[in-house]
Structure formats: structure tokens, C-alpha cells
Amino acid sequence: MDTKTQSAYQEELQRLEETNLEIDKQLARLRSTPVYYGPDLTEQALEVARENGRHNLAKAVDEPYFGRLDFQESGTASSQPLYIGKSGVEDERTGHLLVIDWRAPVASLFYSFTGGLDAASYDSPDGLIEGLVYLKRNLVVRKQILQRVVDTYDRTEDSLAVGDEFLLYRLGENKDNKLRDIVSTIQAEQDRIIRAAKNTALIIQGVAGSGKTTVALHRLAFLLYQYREQVRAERMIIFAPNSMFLDYISGVLPELGVGNIQQSTFTDWALHVLDQEVKLADPALTLQTWFSLGSKRPPVDDHAPGRFKGSILFKQYLDDCLTKFESSYVPTGDFIPWEGVKLPLANIREWFFVENKHYPLVKRRERVVARIKRWMEMQLDKIWEQTRKKDLKKKSAQRLRTYLTSWPEHTAFSFYKMLFAETNRPDSLPTELLRELPEPIVLASLKLFKKKEVQLEDLAPLLYIHTRLYGIPSDQLFDHVVIDEAQDFSPFQVAVLDSYTRNSSFTILGDLSQGIHAYQGIQDWKEFSSLFQEDQGGYFELERSYRSTMEIIQFANLVLQRGVENPLLAVPVFRSGNKVRVLQTDLKGRIPLLEQAIATLQQGTSSTIAVVARTEKQAEELHDVLTKAGIETNLITSKQRVYRGGISVVPVYLTKGLEFDAVLLMDVTAGHYEATLIDAKLLYVGCTRALHELWLMAPGELSPLVSTDDPEIVTTVAPS
């Protein structure tokens, strides 16, 4: 350690000791103060403040801050050191901020400043603040112990660029079974997204490893800080592709001190809103169909059930059906409760189409039926003779029940099912409308509907019908919605979610190059941006990949270029590692080579290893073989809800969103990965799960998607 570094370390050590003493003192005082449970509103408010203080200080005890920025505001005499942490800490005696919350306006300088001699600036509630940055320092503190001090910018040094040393140090760390926060290494392009205004529908196209998921989670924490009077954590929601992915990201928000944000899959949320009226058909069968090998795969086009039912065109079809249905929903005749008394149809139509037109259909029906009953009571009140009144009351109730049979009550599912049926259709929905639907989709749908089962692509239409029938209660509206892996969502899903979201406040993120579920997802982000008004949207691209080494990223880019036209390629951070290994073998040597590869990786620094198969069936077979060989592995299937780390055996299409220290891609042959768009995206997804080591095994002819031409990034190991 040179003299300058030693001096910086001693300076920061003293500062850390002072900060720790202040935090310990404040926390001890708050913990010794009895918790107030009484009725006094002022004391209740003070107790809330004390509890927030306990929470924030407890979070700051082990790691009070991670960065320092020396900033001289224009018009002041000298620079001031600003320490940045996950939560703010104030000196109780002076009111001076010992630690600034990373979400505060001035803290944005720590992320946005990119070096040079020019003035830096940030937006504050009082306007634009300008000044000079003299020092940017990264600090690693663990359990109150100062472990690392790295100056990434020093105005007094010859080099005036912000260095990547600390970022590379953090990227080189091994992973466990949970995604972690990046609050100490947020990059400038990521920070712009995190701090974007609330009432916008942000679409983020981020390459594999660009940190887009983590950025979206940090954005939630920022919105709760910046708009604390307008948004509530319990009215925010994250939609993830599956329950295992939710488990994988579950640690980030608590690390940032944020709780109570809803986390769900679209399926689970939709079934809950629909009150479990239907159940989802086995998703494993869908995956088996669309990820089968060779000619067994159906074509992916706009007539694929997921693309068709997920389109805005299908939403417009439902709109037409619902409008026609509504126009003739009211019974066609007068209501006659008994002879000589009549409620004209014109009155009923007036109540339904004029007086209650702002209510959803089912609510309107309820209100009109209640109005009819009140009208009946008024007519009965005109009759004095009690016996006759009793008889007429009974008769009128029976006639009303008969009258209402021509005014059926529908659920979302009963209405949706009716649209696909040849028979029992109301006059307002002639069979000609049915002809607009592709026959294979109609037949497959009816077969499932008989079992009260639906596919994923049916959930958005069902929710849309549900909102038209029942409306949306205010307690079901969201303040902000995050959609992860959004390239696999349909436009109809996003349109439905927009109706549940105040002010179209979205963070929509994904990667078109990882669009392996093209049978249900989108092909262009314009399919989503067109759903919002032009001034409501924003589009960002994250091109830098921080996950994998340069060799892995360059190798994966070549895979994309061989199968995708005009691909969105990742730009790697300068972090070099081992070359990608292509292991050529035969079927006989396949398993022994796999066991040897796992042993080699375990002897190295790999804590998490993925053995990636092409299909779920092949993953099950590999898991069985490795288990019998005494190698402990975790099989990941479409029904998995928890990611356990260690050695995972997983089909390639379930790896999306996860990352591992090492990836062993099995059976990368011409028969398993063809030179097609979908197979190129599948193989790209598999390759980009690896942080440090990527090995491919080919028991036979190597896939045409794989290039072994560049000896700088890939090495081929022939069978011995």
C-alpha cells in the first residue's frame, strides 16, 4: 500500500469510527425509548418517526456508507466531503448530514459524474445546482470494518477520467443464490433510468447482463423516496416471468430498506383478480410444444394462439362483441308485474343507458334491478287490501324472476366462453362474428374451456372482460408497475395492466434478443409504446453488459449474428477472463466428460454452476445421472418456486433472468440448436447466464450457430 493510499485509508478509518459511534448512540437511545401504543395522535406520529429512525439506523450499522464525493458548490469557499449510503444519517447535535441517502438529489452526482475539469450539476428542489467535483472515492465497509478504499477520480491527479477499478472488483465477485443490490456501482446510464419521472411509461431495452432488473428494483426504491406523498409501497407491483425468478430477486428490495411491494407473476395476479374462476392449463405442456426439437415445433407467426389472443386486434374484437352485447343487454319488452300495471321498457332503458351509464355492466344491471324492485314496492303500496297485496307481491316476484331470465348475469369466463361457441349465442353476437376467429384456436379453446382451463394468453382477455363487467375497485389500482422480461408479454397484457395503473406509471424492461417466447411475446417495442400517449412514454437502451467476461460476451454476440438479422449486440465491460471452451466428444464420452467438467469447476472459484440442457426431459435425465454418480444437484423445472444455488440442472429456456459463476451448455449440436431465429436466441440466453466460465459440450456435429474461429475468445478441446 503506497503512502497516499495509506493516508486515505487512515483518514477514512477515523471517519468511520466517528460515524459508527454516532449511529450506535442514536440507535441505543431510540431502542431504550418505550414504544407508544396509546390513542394520542401526536404521540402516534412521533412513534412512527422513532420507528423509522430505528429501522434506518439498524440498516446503517454494519455498512453506513459506500462512497464519498468531495463537491464544491458554486459560490462557496471550499469543497465538502459527502458520504453516500443506503439511508441518511444526521448528526443530532449539529443537524449536519453524516450520511446522505443515495436517492437524494445531491447523491446523483456520485453516479452521473464521468470525470473531467468541467463543472458538474444536479437538479434540486431549489433548481439546478452547479459546482466542481474534487474527489470520488469508493469504500467497502462490512460489519463496521473498513475493507477497501478506491479513488476512482481525483482532480489533483493526471488522469481525470472516472476509473473502472472498483466496478471491475465488484463484478469479479462470485454469486450466491440471490440477486444483490448495485447501489455502490450504479452507472450513469442506469442512474438516468432510476431517477426518471414517475408518471411515464418507461421502456428499457437492455442487453443480457446490463443490470436492467436491478435498475428497475432500485427505481422502485427511488420513487418511494422521491414521491413519498404520492405513492405507497403496497400499491406497487413487480411482475416477473416465474416464481423462481421472484425468489431470486427477493433480496434486493430489503437490502435497500424497502418492504411491502407486491411481487407476482401475471398468471397468479390474474387468477386472483378473477377469483380463481378458471385454472391454468399445465404450462409444462406449452413449453414442451414450443421448445421441442426440429419439425415438431409449430410455426411462430401472428396466428400462433399467444400472438393472436395477445394482440390489440383481438382486444378490438372483444370491444366489438361487448359493445354489441351491451346494446341489446336489456330485455326487449315491458315489465308487467300483474295485470293492469306496466313498467315501460323505455323507462328501464333510460335507467340502464342514461342514468347509470357510467357504471360497469354488472353494476348497472344490479342498480336497475334494484330500481325495478323499488318501483314494484311503490305500486304495492298503493294497494290497501292486505290479502290481495300479499298475492300480488308473490306474483310480481315470480314474474320478475322470469323477466330477468332474458337478462342473464355473466362472469368473465361465461361471456368469453360464449364467444367461441356455435350455440346459445345471443342475437347480438351472431355466428358471423365467430368466423373472424381462426378455427384451430376456436377448437383448442373449447376443448380447454370444458375443463374450466385456460392458457396464459386467455388471461388478458378474461381480465379485460372482467373490468368491463365489474369495473376496477380503487384498492386494486397500482401506483407503479414493473414488468420484467417484458418481451415475453403481449400488447393485450400491457393494455389491461394500464387500466389498473394510475397515470400509466410503468417500468417495462426486457431484451428483444432474448425473446425466446416469440409465440406469445412481441417483436418490436413499438407494440408497447403505441399503447401510450407520446408525452407519457420514454425509451432507454442499456448496451453495456456487466455480467459476463469479454470473451463470453463476444462469443454470445457471434451466436446472435449467425441467427438474428440486425441483432442488438452487447458491449462488454473491459473484464477479461478465461476463453470459452468447446468440448467435442461422442455420446459415450458425454457423461464422463460432464462429471470431469463439474469437478474441475468446483476445484476453481465457481460457487454456482448451471448444467443447461436443451429440453426439460433432457434436464431430468441429466439430473438422474448426476445424482446416481453422487453429485448433488438441484433440478429446475417449470413448476420450481425457489432457486437454491449450488449446481443446477435446467432447460435452457428456464435460465432467463438467472446468472451463474459457470455454465455448462450440453448438447450444442446441429440437431439441438439449428440456424434459426429462435434457436439463436435460446443459445444466446444460455451463453449469457455465465459470469466467469462458459463451457459448451458437443457430442456430434457442432451447431452452425457456434463460431470457433477466434482463438482469442474460444478454445476447442477435441476428445482424448
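Residues numbered from 1 in each chain as written. Predicted model: local features only at pLDDT ≥ 70, side-chain atom pairs only at ≥ 80, totals over all residues. Heavy atoms only, no water.

Looking now at the overall build of the protein chain. Assigned secondary structure in the protein chain consists of 25 helices and 26 strands. Once the C-alpha set of the protein chain is aligned to its principal axes, its extents read approximately 110 × 75 × 45 Å. A burial count over the protein chain gives 54% of its 720 residues as buried. Excluding contacts between residues fewer than 6 apart, the proportion of contacts in the protein chain whose partners are at least 24 apart in sequence is 74%. Accessible area of the protein chain: about 32800 Å², with a carbon and sulfur share of 50%. (Helix = DSSP H or I, 4+ residues; strand = E, 2+ residues; numbered from the N terminus. Buried < 20%, exposed > 50% of the residue type's maximum accessible area, 1.4 Å probe, protein only. Contact = heavy atoms within 4.5 Å. Areas by Shrake-Rupley, 256 points an atom, 1.4 Å probe, with all protein chains shown as cover.)

A sheet is described by the order of its strands in space; here six strands give the open sequence β10-β9-β15-β16-β8-β17, paired in parallel fashion. One side of each edge strand has no neighbouring strand; the edge strands of this open sheet are β10 (262-264) and β17 (537-542). When the angles between neighbouring strand axes are averaged without regard to direction, this sheet yields 15 degrees. Sheet analysis places strand β15 (residues 480-483) next to strand β16 (residues 506-510), joined by three bridges and oriented parallel. Bridge assignment links valine 481 to a residue of β16, and that residue is phenylalanine 506. Lying on the sheet, helix α6 (residues 212-226) is in contact with β8 (201-206), β9 (236-239), β15, β16 and β17; it crosses β16 at an angle near 170 degrees. (Pairing = 2+ DSSP bridges. Axes fitted to C-alpha atoms, helices over the stretch in contact; angles between N-to-C directions.)

This brings us to the pairing of β8. Across the six residues of β8, six count as buried, placing the element largely inside the fold. Across the two faces of β8 the burial is the same, with Ala201, Ile203 and Gln205 and Leu202, Ile204 and Gly206 all buried. Sheet analysis places β8 next to β16, joined by five bridges and oriented parallel. Residue pairing across strands places isoleucine 203 opposite isoleucine 508, the latter belonging to β16.

Ranked by internal contacts, the top residues of the largest apolar core, which has 104 residues, are Trp102, Ile261, Phe555, Leu665, Leu683 and Leu694. The element best represented in this core is α6, accounting for eight residues. With sequence-adjacent residues up to four places away left out, phenylalanine 555 is seen in contact with Val580, Cys687, Leu694, Leu696, Val706, Ser707, Ile713 and Val714. In this structure, Tyr317, Met376, Leu380 and Ala412 belong to the second largest nonpolar core, which totals 81 residues. (Core = buried A, V, L, I, M, F, W, Y, C linked by side-chain atoms within 4.5 Å.)

A word on the packing of aromatic side chains. Considering all chains together, one arrives at 32 aromatic pairs under this definition. Ring centres 5.5 Å apart and planes at 70 degrees place the aromatic pair phenylalanine 239 and tryptophan 269 in the edge-to-face group. Placement of the pair is phenylalanine 239 in strand β9 and tryptophan 269 in helix α9 (residues 266-273), with a sequence separation of 30 residues. Residue class for phenylalanine 239 comes out buried when judged on its relative accessible area of 0%. On the basis of relative accessibility, which here comes to 8%, the residue tryptophan 269 falls in the buried class. Here phenylalanine 266 and tryptophan 269 contribute two aromatic rings whose centre-to-centre distance is 5.7 Å and whose plane-to-plane angle is 55 degrees, an arrangement assigned as tilted. (Phe/Tyr/Trp six-rings, centres within 6.5 Å; stacked < 30°, edge-to-face > 60°.)

The next subject is the UniProt feature "coiled-coil region" (unreviewed entry) in the protein chain. The UniProt record marks residues 6-33 with the feature "coiled-coil region" (unreviewed entry), using the residue numbering of this structure. Secondary structure across residues 6-33 divides into 96% helix and 0% strand, with the first and last C-alpha atoms of the span separated by 41 Å. (UniProt positions renumbered as here; feature names shortened; annotations may be inferred.)

Attention now moves to unusual backbone geometry. Phi is positive for asparagine 260, which is not a glycine, with a value near 75 degrees. Here asparagine 260 is to be found in the loop between α8 (252-255) and β10. For asparagine 260, a relative accessible area of 64% puts it in the exposed group. Here aspartate 275, not a glycine, exhibits a phi torsion of approximately 60 degrees, which is positive.

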